[in-house]
Amino acid sequence: MDRAARPRSASLGNFQFGAVATETIEDALLHLARQNEQAVREAAGRQGHFRFRETRFVEFVFLLAEQWCLEKSVSYQAVEILERFMVKQAEDICAQAAAQLGDGEWTEARNWRAQKEQLCSKFVLHLVSCVQLASKLSFHYKIINNLTALHFLQALGYPYTKEELLESELSVLKSLDFQINLSTPLEYVEMLLEVLGYNGCVVPATQLHATCLTLLDLVYLLHEPVYKSLLRSAVGNATPSQLQGEKFSSVEEDFMLLAAGIIAASAFIHSHACWSQVVGHLQSITGIASGSIAEFSYAVLTHGVGASTPGQEQPVPPAQATWARGPLLPPT
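So, how was this worked out
Residues numbered from 1 in each chain as written. Predicted model: local features only at pLDDT ≥ 70, side-chain atom pairs only at ≥ 80, totals over all residues. Heavy atoms only, no water. Helix = DSSP H or I, 4+ residues; strand = E, 2+ residues; numbered from the N terminus. Buried < 20%, exposed > 50% of the residue type's maximum accessible area, 1.4 Å probe, protein only. Contact = heavy atoms within 4.5 Å. Salt bridge = Lys/Arg side-chain N within 4 Å of Asp/Glu carboxyl O. Expected span 1.5 Å × (residues − 1). Phe/Tyr/Trp six-rings, centres within 6.5 Å; stacked < 30°, edge-to-face > 60°. Core = buried A, V, L, I, M, F, W, Y, C linked by side-chain atoms within 4.5 Å. Polar contact = N/O pair within 3.5 Å; in protein donor to acceptor, adjacent residues only side chain to side chain. 1 Å grid on protein atoms, 1.4 Å probe; cavity = no way out; pocket = protein on both sides within 12 Å on 5 of 7 lines; lining within 4 Å. Points joined across faces, edges and corners; volume = space filled by probe spheres on them. Nonpolar A, V, L, I, M, F, W, Y, C, P; charged D, E, K, R; others polar. pLDDT = per-residue confidence, 0-100.

Helix and strand content of the chain: 14 helices and zero strands. Counted from the first residue to the last, the chain has its helices and strands arranged as α-α-α-α-α-α-α-α-α-α-α-α-α-α. Counting only residues that meet the buried cut, the chain has 47% of its 332 residues in that class. For the chain, the proportion of contacts with a sequence separation of at least 24, taken over those separated by at least 6, is 79%.

Dropping the structure here:
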């Protein structure tokens, strides 16, 4: 479809802030904070480190969601579902290969290759299923039915049947134990914007919101280079070791840090003079060190527009000790 003729995805321009009671916001913020801490702890204790967030995969999901006029929240949730599904599949393949070590190297290599090829051959099908599932989670807006999904796949030259589409959807659900209502960074961004509004932030939340969506898209699309630059800054080395990279994986799951950095970068774009005040508000709300927020916003802006934030001129250095609630990298 011609890009000029493609329908626009659902707009969040009418998103309203300040319509929820403060007690409800406090409870929701506490819930997100606990949920985020648990995700960071689990990531820190995870063995191995698979990633399926290549730019082309994320872009595929975003463009498909745009073509189907889905909300931005659906795009992010589809990426999260796809990531976790593919990671689980890769982990299962590795576990099966390890269990077959006693059967001989040739059998192991052959089985590994066959399972990997099968997983890759159905990647587009699984991706479409993840977008479908994400659309069903926002059923109040729009659900992508099987006929729409099949027409899309067939237009790309994939002659899948309705049965195969249903099997793919069930495979994703079973692999994730039907736990697909996953949190996304957008929830954290919007929650922090809500709190900022109540705290009297000089930059209106509605102005920051639209810019935050653009920057969040950027981080999703440039996930690897953004986090690699953060890792290099954290360890003070242009070539971090594999062990340092594995420890850093927990930082990639810290949605509260991501949201704070996104909002800080958005605030800098809207008002340089108010940037420090916004960062101060974010620090008091989240407990994340201002140096961490500054460093993240710097990474976002340098990868997005090549700008420098005031954080590079602040007395708080972007050193490892200033990052978040304790050292950026867990101790050995």
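This next bit is on the environment of Val 20. Within the secondary structure, Val 20 is located in the segment before helix H1 (22–44). In this structure Val 20 comes out as partly exposed when scored by relative accessible area, which is 35%. Here the alpha-carbon distance between Val 20 and Glu 194, two residues 174 residues apart in the chain, equals 8.8 Å. The contacts of Val 20, once residues within four sequence positions are left out, are Ile 25 and Tyr 198.

Bringing unusual backbone geometry into the picture now. One non-glycine residue, Cys 69, lies in positive phi territory at about 55 degrees. Mapped onto the secondary structure, Cys 69 falls in the loop between helix H2 (55–67) and helix H3 (72–99). Taking relative accessible area as the criterion, Cys 69 reaches 16% and is therefore assigned buried. With a phi angle near 55 degrees, Asp 177 is a residue other than glycine that sits in the positive phi range. Residue placement: Asp 177 occurs in the loop between helix H7 (162–175) and helix H8 (185–198). A relative accessible area of 56% means that Asp 177 is categorised as exposed.

Structurally, the position occupied by Leu 173 is in helix H7. With 40 residues separating them in the primary sequence, Leu 173 and Leu 133 have C-alpha atoms 8.8 Å apart.

Another aspect to go through is the pattern of salt bridges. Scanning all chains against the criterion turns up nine salt bridges. As a salt-bridge pair, Asp 217 and Lys 72 come within 2.7 Å of each other at their nearest N and O atoms. Within this pair, whereas Asp 217 is found in helix H9 (residues 205–221), its partner Lys 72 is found in helix H3, the two being separated by 145 residues in sequence. The two residues Asp 217 and Lys 72 agree in class, both being buried.

Quick look at helix H10 (residues 223–235) now. An α-helical segment advances 3.6 residues per turn. Residues three or four places apart therefore align on the same side. Taking 1.5 Å per residue, 13 residues should reach 18 Å; H10 reaches 18 Å between its end C-alpha atoms and fits that length. Taken residue by residue, H10 has His 223, Val 226, Tyr 227, Ser 229, Leu 230, Leu 231, Ala 234 and Val 235 as its buried positions. Those residues of H10 that are buried lie in contact with H9, helix H11 (242–252), helix H12 (255–270) and helix H14 (290–304). In the segment just after H10, Gly 236 is the residue with positive phi, at about 65 degrees.

A few words on the packing of aromatic side chains. Enumeration over the complete set of coordinates arrives at 10 aromatic pairs. Seen from their ring centres, Phe 60 and Phe 152 are 6.2 Å apart, and the 65 degrees between their planes marks the pair as edge-to-face. Pair noted here: Phe 60 is in helix H2 and Phe 152 is in helix H6 (residues 146–155), with a separation of 92 residues, a long-range link. Taking the relative accessible area as the measure of exposure, Phe 60 reaches 25% and is therefore partly exposed. Since its relative accessible area comes to 12%, Phe 152 is described here as buried.

Ranked by size, the top nonpolar core spans 96 residues in total, and within it Trp 68, Leu 192, Ile 262, Ile 263 and Leu 282 carry the most contacts. Residue contributions to this core peak at 12 residues, all from H12. Other than its neighbours up to four places away in sequence, Ile 262 contacts Val 189, Cys 212, Leu 215, Leu 216, Val 219 and Val 300.

Now for the side chain of Glu 80. Structurally, the position occupied by Glu 80 is in helix H3. In this structure the side chain of Glu 80 is engaged in a polar contact, spanning 2.7 Å, whose partner is the side chain of Arg 84. Once residues lying within four places of it in the same chain are set aside, the contact partners of Glu 80 are Arg 53, Leu 182, Ser 183, Thr 184, Pro 185, Tyr 220 and Phe 255.

As enumerated under the stated definition, the model contains one cavity of 30 Å³ or more in all. Computed from the structure, the largest cavity encloses a volume of approximately 70 Å³. Taken together, Arg 53, Glu 80, Pro 185, Val 219, Tyr 220, His 223, Tyr 227, Glu 252, Phe 255 and Leu 258 make up the lining of the largest cavity. Listed by contribution, the elements that provide at least two residues to the lining of the largest cavity are H9, H10 and H12. Looking at side-chain class alone, the lining of the largest cavity contains six nonpolar, one polar and three charged residues.

Looking now at the confidence of the model for the chain. On average, residues of the chain score 81 in pLDDT, and 77% of them reach the 70 mark or higher. Here helix H4 (residues 105–121) is the element of the chain with the lowest mean pLDDT, 64, and H7 is the one with the highest, 96. Every residue in residues 1–13 scores below 50 in pLDDT, and together they form 25 contacts with partners more than four places removed in sequence or on other chains. Across residues 311–332, confidence stays below pLDDT 50; counting only partners more than four residues off in sequence or on other chains, it has 47 contacts.

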